[in-house]
Amino acid sequence: QVQFVESGGGLVQPGGSLRLSCAASGIIFDKYVMAWYRQAPGKQRELVATITSEGYTSYTNPVKGRFAISRDNAKNTVYLQMSSLVAEDTAVYYCNTPQINVDWGPGTQVTVSS
């Protein structure tokens with residue numbers, strides 16, 4: 001059974017930083033594109049960043065230059081380093097792969113507030 005478990009969220013002031021982690025199990029991790037998504041209150045879940053198995057990355061425009069996605073295939077883990085956080089980044093953050101249908105994990109709450 002494929003599972004993703006996110007961690008690292010929390011309350012941070014505007015301008016602050018957080019590093020999210022996502023541990024994968026039940027999957028040949030290094031074969032798959034991995035992605036981070038987020039869902040803000042009252043909004044649909046949106047794609048934030050992707051990383052291929054070779055390490056090529058892409059980002060949605062609002063986070064370009066502020067977020068960095070990375071992966072450690074030896075640890076079956078994908079990360080999201082978030083900097084210069086703003087209130088609009090407040091959301092529950094999830095990881096998943098866009099290549100197969102996997103149930104969403106619990107997510108990790110990120111709240112940006114003074």
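Calculation criteria
- For every chain, the first residue of its written sequence is number 1, and the numbers climb from 1 along that sequence.
- Totals for whole chains, interfaces and linings use all residues, but because this is a predicted model, local features are given only for residues with pLDDT of at least 70 and pairs of side-chain atoms are given and counted only at 80 or more.
- As a rule here, side-chain values cover all heavy atoms of the structure and leave hydrogens and water aside.
- By the convention used here, strands pair only if DSSP detects at least 2 bridges between them.
- A run of H or I in DSSP becomes a helix once it reaches four residues, and a run of E becomes a strand once it reaches two; helices and strands are each numbered from the N terminus.
- Fitted lines through C-alpha atoms serve as axes, helices being fitted only where they are in contact, and the angles separating the N-to-C directions of these axes extend from 0 to 180 degrees.
- In this scheme, a residue with accessible area under 20% of its type's maximum is buried, one over 50% is exposed, and one in between is partly exposed, where area comes from a 1.4 Å probe on protein chains only.
- What qualifies as a polar contact is a pair of N or O atoms within 3.5 Å, subject to a donor-acceptor requirement within protein and to the restriction that residues adjacent in sequence count only when both atoms come from side chains.
- Contacts are residue-level and defined by heavy atoms, with any inter-residue pair within 4.5 Å sufficient.
- By convention in these notes, a salt bridge is any Lys or Arg side-chain nitrogen within 4 Å of a carboxyl oxygen on Asp or Glu.

Trainee: Hey, could you run me through the sheet that holds strand β1 (residues 3-7) in this one?
Mentor: The strands making up a sheet associate through hydrogen bonds between their backbones, and the pairing can be parallel or antiparallel. Spatially, the four strands line up as an open sheet ordered β1-β3-β8-β7, and their pairing is antiparallel. What marks the edges here is a single partner per strand, and that holds for β1 and β7 (67-72). Put simply, the sheet's adjacent strands are angled 15° from each other on average, direction ignored. Pairing geometry for strand β3 (residues 18-25) and strand β8 (residues 77-82), over six bridges, is antiparallel. Within β8, the position partnered with Leu20 by the bridge is Leu80.

Trainee: Which parts of the structure should I look at to understand the sheet that holds strand β10 (residues 108-112)?
Mentor: In space, the six strands of this open sheet follow the order β2-β10-β9-β4-β5-β6, with mixed pairing throughout. This sheet does not close on itself; its edge strands, each paired only once, are β2 (10-12) and β6 (57-59). Strand-to-strand twist in this sheet, taken as the mean axis angle between neighbours without regard to direction, amounts to 25°. Direction of pairing for β2 relative to β10: parallel, over a ladder of three bridges. Note that in β10 the partner of Gly10 across the bridge is Val110.

Trainee: Help me understand the side chain of Thr77 in this model?
Mentor: Here Thr77 shows up in strand β8. Among the residues examined, Thr77 registers a relative accessible area of 10% and is labelled buried. Within the local environment of Thr77, its side chain forms a polar contact with the backbone oxygen of Lys75, the two atoms lying 2.8 Å apart. Those residues within four positions of Thr77 in sequence are excluded, and the remaining contacts are Ser21, Cys22, Ala23, Phe29, Arg71 and Asp72.

Trainee: It is not clear to me how the pattern of salt bridges should be interpreted in this structure. Could you clarify?
Mentor: Pairs can form between side chains of opposite charge once their charged atoms are near each other. Considering all chains together, one arrives at three salt bridges under this definition. Asp89 is paired through a salt bridge with Arg38; the nearest N and O atoms lie 2.9 Å apart. One end of the pair, Asp89, is in the loop between β8 and β9 (91-96); the other, Arg38, is in strand β4 (residues 34-39), with 51 residues separating them in the sequence. We classify Arg38 as buried; its relative accessible area is 6%. Among the ionic pairs, Asp89 bridges to Arg66, the shortest N-O distance being 2.7 Å. In this pair, Asp89 is assigned in the loop between β8 and β9 and Arg66 in the loop between β6 and β7, connecting sequence segments 23 residues apart. For Asp89, a relative accessible area of 1% puts it in the buried group. You can call Arg66 buried: its relative accessible area is 17%. Through salt bridges with shared partners, a single ionic network connects Arg38, Glu46, Arg66 and Asp89.

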